[in-house]
Amino acid sequence: RLRVAGWDPGPLVDMARTAAATGARVAWQLTLPPSDRPRPVDGIAPFLIRWANDAPHPAGSAPGGCAIRSLRAEHPQPDDARRALDALGVHLPVARGDAPALIAHIDAPRGSIFLR
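Every value quoted in this text rests on a predicted model; they were computed, and no experiment measured them. (Residues numbered from 1 in each chain as written. Predicted model: local features only at pLDDT ≥ 70, side-chain atom pairs only at ≥ 80, totals over all residues. Heavy atoms only, no water.)

## A few points about the overall build of the protein chain
When helices and strands are tallied, the protein chain shows 1 helix and 7 strands. Helices and strands in the protein chain line up, N terminus first, as β-β-β-β-α-β-β-β. When its C-alpha atoms are laid out on the principal axes, the protein chain stretches across 40 × 40 × 25 Å. Residue burial in the protein chain is summarised as follows: out of 116 residues, 28% are buried. Within the protein chain, residue pairs in contact and separated by at least 24 positions form 48% of the contacts whose partners lie at least 6 positions apart. Total accessible area on the protein chain stands at roughly 7800 Å², and carbon and sulfur atoms take up 56% of it. Placing the 14 positive and 11 negative side-chain charges of the protein chain at their respective mean positions leaves the two points 4 Å apart. (Helix = DSSP H or I, 4+ residues; strand = E, 2+ residues; numbered from the N terminus. Buried < 20%, exposed > 50% of the residue type's maximum accessible area, 1.4 Å probe, protein only. Contact = heavy atoms within 4.5 Å. Areas by Shrake-Rupley, 256 points an atom, 1.4 Å probe, with all protein chains shown as cover. Lys, Arg positive; Asp, Glu negative; His and termini not counted. Charge placed at Lys NZ, Arg CZ, Asp CG, Glu CD.)

## As for the sheet that holds strand S2 (residues 25-31)
What links the strands of a sheet is backbone hydrogen bonding, and the strands pair in either a parallel or an antiparallel sense. Read across the open sheet, the 3 strands follow the order S1-S2-S3; overall the sheet is antiparallel. Each of the sheet's edge strands pairs with one partner strand only, and the pair in question is strand S1 (12-18) and strand S3 (49-51). For this sheet, the mean inter-axis angle between neighbouring strands, taken without regard to orientation, is 25 degrees. When S1 meets S2, the two strands line up antiparallel, connected through 7 bridges. (Pairing = 2+ DSSP bridges. Axes fitted to C-alpha atoms, helices over the stretch in contact; angles between N-to-C directions.)

## A closer look at the pattern of salt bridges
Using the criterion set out here, one finds 6 salt bridges in the structure. Here arginine 69 and aspartate 107 are joined by a salt bridge, their closest N and O atoms 3.4 Å apart. Of this pair, arginine 69 sits in strand S4 (residues 67-75) while aspartate 107 sits in strand S6 (residues 101-108), placing them 38 residues apart in sequence. What makes arginine 69 exposed here is its relative accessible area of 54%. Residue aspartate 107 is classed as partly exposed on the basis of its relative accessible area of 28%. Notably, a salt bridge pairs aspartate 80 with arginine 83, separated by 2.3 Å at the nearest N-O pair. Of the two residues, aspartate 80 and arginine 83 both sit in helix H1 (residues 78-88), 3 residues apart, roughly one turn of that helix. Within this structure, Arg72, Glu74 and Arg116 form a network of salt bridges that share partners. (Salt bridge = Lys/Arg side-chain N within 4 Å of Asp/Glu carboxyl O.)

In structure tokens form, the structure reads like this:
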């Protein structure tokens, strides 16, 4: 979808590892963004990932206790970033900012935190 919208996410690469906690094989494919030209999602979507259907998703064995309250982005060219995210079906608020950033508001066992 990104290529149809005019942006190249880079080549698709197969990857895998063995999960230390369970010993299960985790497999995925990800894109390697081209380094020779900027993309409208640089800084807020470093790569695209697709988890294998037959492998357990890592979220299933992640520690509990936290919840994402909100996730938003900032980008120097928010309209371009929004169009690229829309092409992927990603609904993420993007505001104008001096530099690309993802900002997460997380409720954690010891209180609310922000990651930037």
